[in-house]
Each structure stands twice: as C-alpha cells, then as structure tokens.
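# Tertiary structure, described
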Amino acid sequence: MAMTKKIPDTIKGANTFCPGCGHGVVVRLIAEALEELGHADDAICAVAVGCSCLVNVALGIDKIGCPHGRASACAAGIKRVRPGNLVFSYQGDGDSLSIGLAETVYSAQRNEKFTQIIVNNGVFGMTGGQASPCTLIGQKTTTTVDGRSVNMSGVPLDIMKMFGQIESVAYLARGSVHDAQNILNTKRYIKKAFEAQMAGAGFSCVEILSPCPTNWHMEPVDSMERIAGVVSAYYPIGEIVTGGGLNA
Ligand SMILES: Cc1ncc(C[n+]2csc(CCOP(=O)(O)OP(=O)(O)O)c2C)c(N)n1
Ligand code: SF4
C-alpha cells in the first residue's frame, strides 16, 4: 500500500511563494512542529513584512501583522500578556536584521520569552533583491551591482554569534532547508526552541538558511547547492546554545 504524508491540518492553503523558495518548507516545518507539540490551537505568530507575510496564506493559526521590522517587539508584547500561549515571530533577514535589528537585539538582551524564526536568504526578497546585512562578500544584488565589498558595507552579520554572547538566552540554532537531512534537523531545532519557550527558559531563536532563486537568478537546484557549498561555509549550521536560560 502506498504511503502518503499527511498535510498538517494547520496548513490551510497552498503557499504563494516562488517555485523553489525555502519559505514554503519552513512554514510546513512550523505547522508540523506545532501539531506534534500540541500547540496548533494556542500558537500566535507575529508576521513580518517581506515574503514572510505570505505565511498568512498557508498557515492557519492565530497571527498578527507587524509591519516594518517590529515583529519581534510585537511578539515580546504578546508573550508578556499571554504567557501561556506559544508565541513566535516569523521574519526575513532584511526585516529582522536591518529594518528591525534594534527590536531583534533587545528581544534577546531583555530575555523576552518568545521564539524568533529568522529566514535568512541573504537579500530583501519581496522588494527586488536588494542587499541585506547577510549578503555575502562578493555577492551581486540590485544594490551591490559589483558584489558586496567589506569596504563599502562591512562583513555579513552573524546574529547567532551576537546572540551567543547573551548569557540568558535559552536556545539558539541555525538550520537550513537545502536538503532532506537539514530539513529534518531544522524541524528538530524549531521544536526544541518551542519547548524551551514553553518551559519558561527564556528567549529562543532559530535562523534558517533559505534559497531565494528568484533574486539569486538561479535555478532552484543550483540555489540549494549554493547554500550547501557557499552560504553554509560563512554561516555554520547547527545548535549554538542548548539547555540555556533561566532553568539552566
Ligand atoms: C522601514 C521599511 N523600509 C522598507 C520597507 C519595504 N519592504 C517591504 S518587504 C521588504 C524586504 C524584506 O526582506 P526580508 O526581510 O529579507 O524578507 P524576504 O522578502 O527576503 O523574505 C522591504 C524592504 C518596509 N516595509 N519598511
Ligand atoms: S522573492 Fe525570493 S524569498 Fe520571496 S517568495 Fe520569491 S523566492 Fe521566496
């Protein structure tokens, strides 16, 4: 008998991301994680601007739109008034690390007890592929037409390194969606971050390396190979902090 993989009940519609985009995989992993942990009915998602906002189409849980970099501030506020709910922000690297860097850093520094999901594709995807803080050195974008240079725009931001210096942080991991093993690992990271949150341990964050074939001007398979060979060489994949936070 043929085995079929059940679509999570929490997925309420087909996603509208570009073909080959990593966002759709991440949304599916979040849906599976919420259902397996029994939190699909009490989860609240703070939705960022950018292609992240298309999560509204696919994910059938409670959500609040948080324009212009403020998703982590909104998530922090929601979690403070509804500590029993599972609260997470869903943000791109442009939203969380450029437009909303202050809110991102202070969420960790203030030990806000929600989970931040950062989908890092190294560009501002929705607005046409401008450089983000995570654009790699030499990478050509619409605002770095000759390739990003250290002289003009510094080195790519590693938020895991920055967060890793904050001793109260409960859980940190960087996953990727470029192959099956990393997709499974990323789901495990998301579940562990959610579990740390619901245990009251403190701030948690999962950054996920994700392809933007449209703005990278690559075929989807080639964009996956770019993550495996190039992006993950700068942004190492794995858990950074486990078992940290208030209960450590
Ligand atoms: C303060 C501010 N400046 C510019 C914009 C326009 N804007 C909307 S989406 C977006 C890009 C978001 O990029 P990212 O967070 O990396 O998400 P992606 O689309 O790549 O998933 C920008 C710049 C905005 N919404 N607010
Ligand atoms: S523009 Fe990039 S990030 Fe946005 S949906 Fe398309 S592939 Fe995904």
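Residues numbered from 1 in each chain as written. Chains lettered and ligands numbered in written order. Predicted model: local features only at pLDDT ≥ 70, side-chain atom pairs only at ≥ 80, totals over all residues.

### Things to note about the site of ligand 1
- Every one of the 19 residues lining ligand 1 counts as a neighbour, but Gly50, Gly92, Gly94, Asp95 and Gly125 are closest to it.
- Contributions of two or more residues to the shell around ligand 1 are made by α4 (93-99) and β5 (123-124).
- Of the residues in the shell around ligand 1, the class split is eight nonpolar, nine polar and two charged. (Near = placed C-beta within 6 Å. Helix = DSSP H or I, 4+ residues; strand = E, 2+ residues; numbered from the N terminus. Nonpolar A, V, L, I, M, F, W, Y, C, P; charged D, E, K, R; others polar.)

### Some details on the sheet that holds strand β8 (residues 204-209)
- With respect to topology, seven strands assemble into an open sheet ordered β2-β1-β3-β4-β8-β7-β9, the strand pairing being mixed. Taken across any chain shown, the strands that pair with only one partner, and hence form the sheet edges, are β2 (62-65) and β9 (238-241). Strand-to-strand twist across the sheet, computed as the mean angle between neighbouring axes with direction ignored, equals 20 degrees.
- Pairing of strand β1 (residues 43-47) with strand β3 (residues 86-92), which is carried by five bridges, proceeds in the parallel orientation. (Pairing = 2+ DSSP bridges. Axes fitted to C-alpha atoms, helices over the stretch in contact; angles between N-to-C directions.)

### What about the nonpolar core?
- Formed by 61 residues in total, the largest nonpolar core has its most connected members in Ile30, Cys45, Ala75 and Ala193.
- Apart from the residues within four sequence positions on either side, Cys45 is in contact with Val55, Leu59, Ile61, Lys63, Phe88 and Tyr90.
- Ranked by size, the runner-up nonpolar core spans eight residues in total, among them Cys21, Val123, Cys212 and Trp216. (Core = buried A, V, L, I, M, F, W, Y, C linked by C-beta atoms within 7 Å. Buried ≥ 20, exposed ≤ 12 C-beta atoms within 10 Å, placed from the backbone. Contact = placed C-beta atoms within 7 Å.)

### Description of the pairing of β1
- Among the five residues that make up β1, five are buried, leaving the element largely enclosed by the rest of the structure.
- Burial of β1 is two-sided: the residues Ala43, Cys45 and Val47 facing one way and the residues Ile44 and Ala46 facing the other way are all buried.
- Both β1 and β2 contribute to a ladder of four bridges, which runs parallel. If you follow Val47 over to β2, its bridge partner there is Gly65.

### Describing the packing of helix α1 (residues 23-36) against helix α8 (residues 180-198)
- Between α1 and α8, the shortest axis-to-axis distance is 9 Å and the interhelical angle comes to 50 degrees. One finds that α1 runs oblique with respect to α8. Relative to α8, the crossing made by α1 is right-handed. Along the contact surface, α1 presents Val25, Leu29, Ile30, Glu32, Ala33 and Glu36, while α8 presents Ile183, Thr186, Lys187, Ile190, Lys191 and Phe194.
- In terms of residue class, the contact of α1 with α8 is built from seven nonpolar, one polar and four charged. (Parallel < 35°, antiparallel > 145°, perpendicular 65-115°, else oblique. Left-handed = near helix turned anticlockwise from the far one by under 90°.)

### Quick notes on α1
- Taking 1.5 Å of rise per residue, 14 residues should cover 20 Å, and α1 covers 20 Å from first to last C-alpha, within 8% of that figure.
- Burial runs high along α1: 12 of the 14 residues are buried.
- Looking only at α1, the buried set comprises His23, Gly24, Val25, Val26, Val27, Arg28, Leu29, Ile30, Ala31, Glu32, Ala33 and Leu34.
- For α1, the elements touching its buried residues are β1, α2 (55-58), β4 (115-120), α8 and β8.
- Positive phi shows up at Gly38, right after α1, with a value of about 75 degrees. (Expected span 1.5 Å × (residues − 1).)

### Quick look at helix α3 (residues 71-81)
- Taken as a whole, α3 has its buried residues at Ala71, Ser72, Cys74, Ala75, Ala76, Ile78 and Lys79.
- Turning to α3, the residues buried within the fold contact β1, β2, β3, α4, α5 (101-109) and β4.

### Points about the site of ligand 2
- What surrounds ligand 2 is the set Phe17, Cys18, Cys21, His23, Cys51, Asn121, Gly125, Met126, Cys212, Pro213, Thr214 and Asn215.
- Examining the composition of the shell around ligand 2, we find that three residues originate from one element, helix α9 (residues 213-216), more than from any other.

### Here's the deal with the packing of α3 against α5
- As a packed pair, α3 and α5 sit with axes 7 Å apart at the nearest point and diverge in direction by 35 degrees. Listed contacts from α5 to Ser72, Ala73 and Ala76 of α3 are Glu103, Thr104 and Ser107.
- Per-class residue counts for the contact of α3 with α5 are two nonpolar, three polar and one charged.

### What about the environment of Met198?
- With respect to the element layout, Met198 can be found in helix α8.
- In this structure the C-alpha to C-alpha distance between Met198 and Lys113, which are 85 residues apart in sequence, comes to 8.6 Å.

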